[in-house]
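The chain contents come next:
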Amino acid sequence: MASIKQLDDRRFKITVSNGYRPDGKKICKAKTIRVPESIPKRGIRQYVSHEAEELERQFKSGYGEDGNMTFEEFAERWLARQVRYAPSTLESYRRMLGRMYPFIGSVPINRLRPIALENMLVELRKRKYRGKPIGEATVQKYLTVVSAVLSDAKRNEIIQKNPARMIDLPETESAQQQIPTEEEALRFLNYICNEEIEYRTYYVLAIYTGCRRGELCALKWEDFLVDSRDNTSVLTVSRSRSVVPGKGVVEGPTKNGHSRVIAISPEITGYLQSYCCIKMAEAEERGEEVSDYLFVNDEGHLFHPDTFTKHLRMIYEDLGFPKEYHLHTLRHYFVSTLLHHGVDKQTVAELAGHGDTSFLERTYCHPQLALKQQAASVMEDSLLHQQAG
């Protein structure tokens, strides 16, 4: 039971006990509340009783977060509650928060002010990666994670404002993605025709579906639903296999925690059916059942995600492609191609697994050189036509 002590007409101290410590002392939590003036005198006792019941429920259920909790303690509880993020994303947040705890970890969450976060950013900007200062965009990613934690505290009415949202930040350069040309894409597809079937299938799906590396590694045959009437299929992407430091390869949800559906053309559907027959034959030769997963080696073991990344680098080198190209470049090509051929942004965002179109607008909506040259030609024709008239 909670004990209530009246301090004045509208201030009360509520104390809740929950068992005993090894030394015999009670484990207690106290909270001083002030009854709002909007509550009439006859309702004060009922208001205080409700607050006492709520504090007792929170404390005994282990969710007694309040504003006096340090940022580090609250952030660790926030991490433990997250279920929507892929394991690799969650581990990334954990590492980033760990680097910020020395600056703000010991500050009570309700006493964290913008100036403390600004001082933290100053120190982060001094950090170096491979001998060079880290970029402003990276520094601001740290603040974004802090802001996510504080937004959760605000949502739970532990703090009134999110101080991370009150900081003036310098502009950062928009990331210019390296997008292969159509000629490079065709050269790439022709080249991989001579690759082993697993590599060929993986890279074909990467460029035709825009799936992320881990999503491709986690694909199962049950994720494909084939329509025999026209030999099309529908792919449901709901899992990802990612490398988590200290834990190896871990399977979890997609990056944003949501499933998405991708339509597969008849040609690619037929190709996947042929690939399935090959994997079934390999399994039969080993005397085993065919694996649930698409991408297993000759022994039926799942490929490590890094395998496809490293192998692709060798292919790019043979083709003479820019060193900046990587596995995600195939995903960039998928998104960019759809946008530049008139597919609406919302559809592209859904196919790529983005929550909204804002990321596409910041990252991909820049015309390729050929389209810029086309625009120049339009202007030239227009001006010459006017002069001729």
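What comes next concerns the included structure. All values reported here derive from a predicted model rather than from experimental measurement. Throughout, a residue's number is its position along its own chain's written sequence, starting from 1. Two thresholds apply to this predicted model, a pLDDT of at least 70 for residue-level local features and 80 or more for giving and counting side-chain atom pairs, whereas whole-chain, interface and lining totals are computed over all residues. Only hydrogens and water are set aside; all other atoms, that is, all heavy atoms of the structure, feed into the side-chain values.

## Some words on the environment of Ala263
Next, step 1: Inspection of the secondary structure puts Ala263 in strand S10 (residues 260–264).
Next, step 2: Accessibility expressed as a relative area gives 67% for Ala263, which makes it exposed.
Next, step 3: Here the alpha-carbon distance between Ala263 and Phe224, two residues 39 residues apart in the chain, equals 9.7 Å. Labels follow the DSSP assignment, with helices taken as runs of H or I lasting at least four residues and strands as runs of E lasting at least two, numbered in each case from the N terminus. Residue burial is assigned from relative accessible area. The probe radius is 1.4 Å, only protein chains are included, and a residue is buried under 20% of its type maximum, exposed over 50%, and partly exposed in between.

## Side note on the packing of aromatic side chains
Next, step 1: Ring pairs are drawn from Phe, Tyr and Trp, using the six-membered ring of Trp, whenever the two centres fall within 6.5 Å, and their geometry is named by plane angle: stacked under 30 degrees, edge-to-face over 60, tilted for the rest. Under the defined criterion, the tally for this structure stands at 18 aromatic pairs.
Next, step 2: Centre to centre, the rings of Phe188 and Tyr316 are 6.1 Å apart; their planes meet at 45 degrees, and the pair counts as tilted. With a gap of 128 residues between them, Phe188 in helix H6 (residues 182–191) and Tyr316 in helix H10 (residues 305–319) connect regions that are remote in the sequence. Take Phe188 and Tyr316: they sit in the same class, and that class is buried.
Next, step 3: When the ring of Tyr316 is compared with that of Phe321, the centres are 5.8 Å apart and the planes differ by 40 degrees; the resulting orientation is tilted.
Next, step 4: Assessed through its relative accessible area of 9%, Phe321 is described here as buried.
Next, step 5: An aromatic cluster is present here, built from Phe188, Tyr199, Tyr202, Tyr203, Trp221, Tyr275, Phe295, Phe303, Phe308, Tyr316, Phe321 and Tyr325 joined pairwise through their rings.

## Notes on the packing of H10 against helix H11 (residues 327–340)
Next, step 1: As a packed pair, H10 and H11 sit with axes 8 Å apart at the nearest point and diverge in direction by 75 degrees. One finds that H10 runs roughly perpendicular with respect to H11. Contact residues: Thr309, Leu312 and Tyr316 in H10; Leu327, Thr329 and Leu330 in H11.
Next, step 2: Under the scheme applied here, ten amino acids are nonpolar (Ala, Val, Leu, Ile, Met, Phe, Trp, Tyr, Cys and Pro), four are charged (Asp, Glu, Lys and Arg), and all others, including Gly, are polar. Class assignment of the residues belonging to the contact of H10 with H11 gives a composition of four nonpolar, two polar and no charged. Note on method: axes are straight lines fitted to C-alpha atoms, helices fitted across the in-contact stretch only, with angles between N-to-C directions ranging 0 to 180 degrees. The labels follow the angle: roughly parallel below 35 degrees, roughly antiparallel above 145, roughly perpendicular from 65 to 115, and oblique for the rest. Throughout, a contact is declared for two residues whenever any of their heavy atoms are within 4.5 Å.

## Describing the sheet that holds strand S7 (residues 232–237)
Next, step 1: A pair of strands is labelled paired if DSSP reports no fewer than 2 bridges between them. The sheet built from three strands is open, its strands ordered S6-S7-S10 with antiparallel pairing. Edge positions in the sheet fall to strand S6 (224–227) and S10, since each of these pairs with one other strand and no more. Strand-to-strand twist of the sheet, defined as the mean angle between neighbouring strand axes without regard to direction, takes the value 20 degrees.
Next, step 2: As paired strands, S7 and S10 are joined by five bridges and run antiparallel to one another. In the sheet register, Val237 faces S10, and the bridge partner there is Arg260.

## Here's the deal with the state of the cysteines
Next, step 1: Whenever a pair of cysteine sulfur atoms sits within 2.5 Å, that pair is classed as a disulfide. All chains considered together, the criterion is met by zero disulfides.
Next, step 2: Unpaired in this structure, Cys193 has its nearest cysteine sulfur neighbour in Cys277, at a distance of 19 Å.
Next, step 3: We note that Cys211 lacks a disulfide partner, and the nearest cysteine sulfur, in Cys217, lies 11 Å from it.
Next, step 4: Overall, the relative accessible area of 4% leaves Cys211 in the buried class.

## A look at the pattern of salt bridges
A side chain with one charge can pair with a side chain of the opposite charge if their charged atoms come near.
Next, step 1: A side-chain nitrogen of Lys or Arg and a carboxyl oxygen of Asp or Glu constitute a salt bridge if their distance falls within 4 Å. Within the structure shown, the criterion is met by 21 salt bridges.
Next, step 2: We note a salt bridge from Arg11 to Asp8, for which the minimum N-O separation is 3.2 Å.
Next, step 3: For Lys126, the salt bridge is made with Glu123, and the minimal N-O distance between the two is 3.2 Å.
Next, step 4: On the basis of relative accessible area, Lys126 is assigned to the exposed category, the value being 55%.

## Some points on the nonpolar core
Next, step 1: For the purposes of this section, nonpolar cores are sets of buried Ala, Val, Leu, Ile, Met, Phe, Trp, Tyr and Cys residues that join through side-chain atoms within 4.5 Å. By size, the foremost hydrophobic cluster in this structure holds 49 residues, and its most contacted members are Phe188, Tyr203, Leu294 and Leu330.
Next, step 2: Broken down by element, the residue count for this core peaks at eight residues, all from helix H7 (residues 197–209).
Next, step 3: The residues touching Phe188, leaving out its near neighbours within four places in the chain, are Tyr203, Ile207, Leu312, Ile315, Tyr316, Leu319, Phe321 and Leu330.
Next, step 4: Leu79, Leu97, Leu112 and Val149 belong to the second largest nonpolar core, which has 33 residues in total.

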